[in-house]
Amino acid sequence: MSNAYDTDIPDSVDPVDDDCVEPAGEACAYTEYVEGEAYDDVPATGEGAEGIERDVWDTLYEIEDPEMPISIVDLGLIYGVSVDDTDDGTVATVDMTLTYSGCPARDMLQDQMQEAVEAVEGVDRADLRLVWSPEWNLELVTEQGEQDLREFGLSI
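Residues numbered from 1 in each chain as written. Predicted model: local features only at pLDDT ≥ 70, side-chain atom pairs only at ≥ 80, totals over all residues. Heavy atoms only, no water.

Looking up the chain in an unreviewed UniProt entry gives the name Metal-sulfur cluster biosynthetic enzyme, with the organism given as Haloarchaeobius iranensis.

Below, the structure written as structure tokens:
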């Protein structure tokens, strides 16, 4: 059997039910593609944040990329943080991206962020919005992130 990518698929694999194999022209089953707002101020670093929003940023700085010892903020994965009082309590919304849409650490990283942000004093709920525009690139890495990556052994 062959698929849209002209690769052989074992007969035991149903390409319709396998989210690793996509028919031509269809979007990835595990990625929600939504047109979002423009982010002019990336990389976002939390500079100037106060109160609970500052606490959320501090928490995000403590979370490291699963593959490298670098903060997800310094890696340029965070596009924005907002904290709003709603009928449901105080909601912290984090706009983030990943280095690529098929990131294998996606669920783990989102779960870790969700748990950490909801643990911030004064936050009742955390909403994570995964965005893909602008797409992540090395220009989003902060100066501290560049230094951390060099110390890890990567040249950027």
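Draft legend 1. Structural view of the pattern of salt bridges. A complete count under the given rule lists five salt bridges for this structure. One salt bridge connects Arg 54 with Asp 58, and the closest N-O pair in it is separated by 3.1 Å. Taken as a pair, Arg 54 and Asp 58 lie in helix α1 (residues 51-62) at a separation of four residues, close to a single helical turn. Through salt bridges with shared partners, one network takes in Asp 88, Arg 125 and Asp 127. (Salt bridge = Lys/Arg side-chain N within 4 Å of Asp/Glu carboxyl O. Helix = DSSP H or I, 4+ residues; strand = E, 2+ residues; numbered from the N terminus.)

Draft legend 2. Examining a negative patch on the surface more closely. On the surface, a cluster of negative charge is made up of Asp 107, Asp 111, Glu 115 and Glu 118. Considering the arrangement of structural elements, one finds Glu 118 in helix α2 (residues 106-118). (Patch = residues over 30% accessible without salt bridge, like charges linked within 9 Å, V, L, I, M, F, W, Y side chains within 5 Å. Areas by Shrake-Rupley, 256 points an atom, 1.4 Å probe, with all protein chains shown as cover. Lys, Arg positive; Asp, Glu negative; His and termini not counted. Charge placed at Lys NZ, Arg CZ, Asp CG, Glu CD.)

Draft legend 3. Highlighting the environment of Trp 136. Within the fold, Trp 136 resides in the loop between β3 (125-130) and α3 (143-152). Separated by 59 residues in the primary sequence, Trp 136 and Leu 77 place their C-alpha atoms 7.2 Å from one another. Apart from the residues within four sequence positions on either side, Trp 136 is in contact with Leu 75, Gly 76, Leu 77, Tyr 79, Thr 97, Leu 98, Thr 99 and Val 141. Separated by 2.8 Å, the side chain of Trp 136 and the backbone oxygen of Leu 75 make a polar contact. (Contact = heavy atoms within 4.5 Å. Polar contact = N/O pair within 3.5 Å; in protein donor to acceptor, adjacent residues only side chain to side chain.)

Draft legend 4. Molecular detail of the sheet that holds strand β2 (residues 89-96). As summarised here, the arrangement of the three strands in space is β1-β2-β3, forming an open sheet in which the pairing is mixed. Edge positions in the sheet fall to β1 (78-86) and β3, since each of these pairs with one other strand and no more. Along the sheet, successive strands turn relative to each other by an average axial angle of 20 degrees, direction set aside. Against the sheet, α1 engages β1 and β2, with an angle of about 140 degrees to β1. In the packing of α2 onto the sheet, the strands contacted are β1, β2 and β3, and the crossing angle to β3 comes to about 150 degrees. (Pairing = 2+ DSSP bridges. Axes fitted to C-alpha atoms, helices over the stretch in contact; angles between N-to-C directions.)

Draft legend 5. Quick look at the side chain of Ser 71. Within the element layout of this structure, Ser 71 appears in the loop between α1 and β1. Reaching out from Ser 71, the side chain makes a polar contact with the backbone oxygen of Tyr 61 at a distance of 3.4 Å. Leaving out residues up to four positions away in the same chain, Ser 71 has contacts with Leu 60, Tyr 61, Ile 63 and Glu 64.

Draft legend 6. How the structure looks around the packing of α1 against α2. Axis separation between α1 and α2 bottoms out at 9 Å; the angle between their running directions is 140 degrees. In this structure, α1 meets α2 at a crossing whose hand is right-handed. Residue-level inspection shows Val 56, Thr 59 and Leu 60 of α1 in contact with α2, the latter providing Met 113, Ala 116 and Val 117. Partitioned by chemical class, the residues of the contact of α1 with α2 number five nonpolar, one polar and no charged. (Left-handed = near helix turned anticlockwise from the far one by under 90°. Nonpolar A, V, L, I, M, F, W, Y, C, P; charged D, E, K, R; others polar.)

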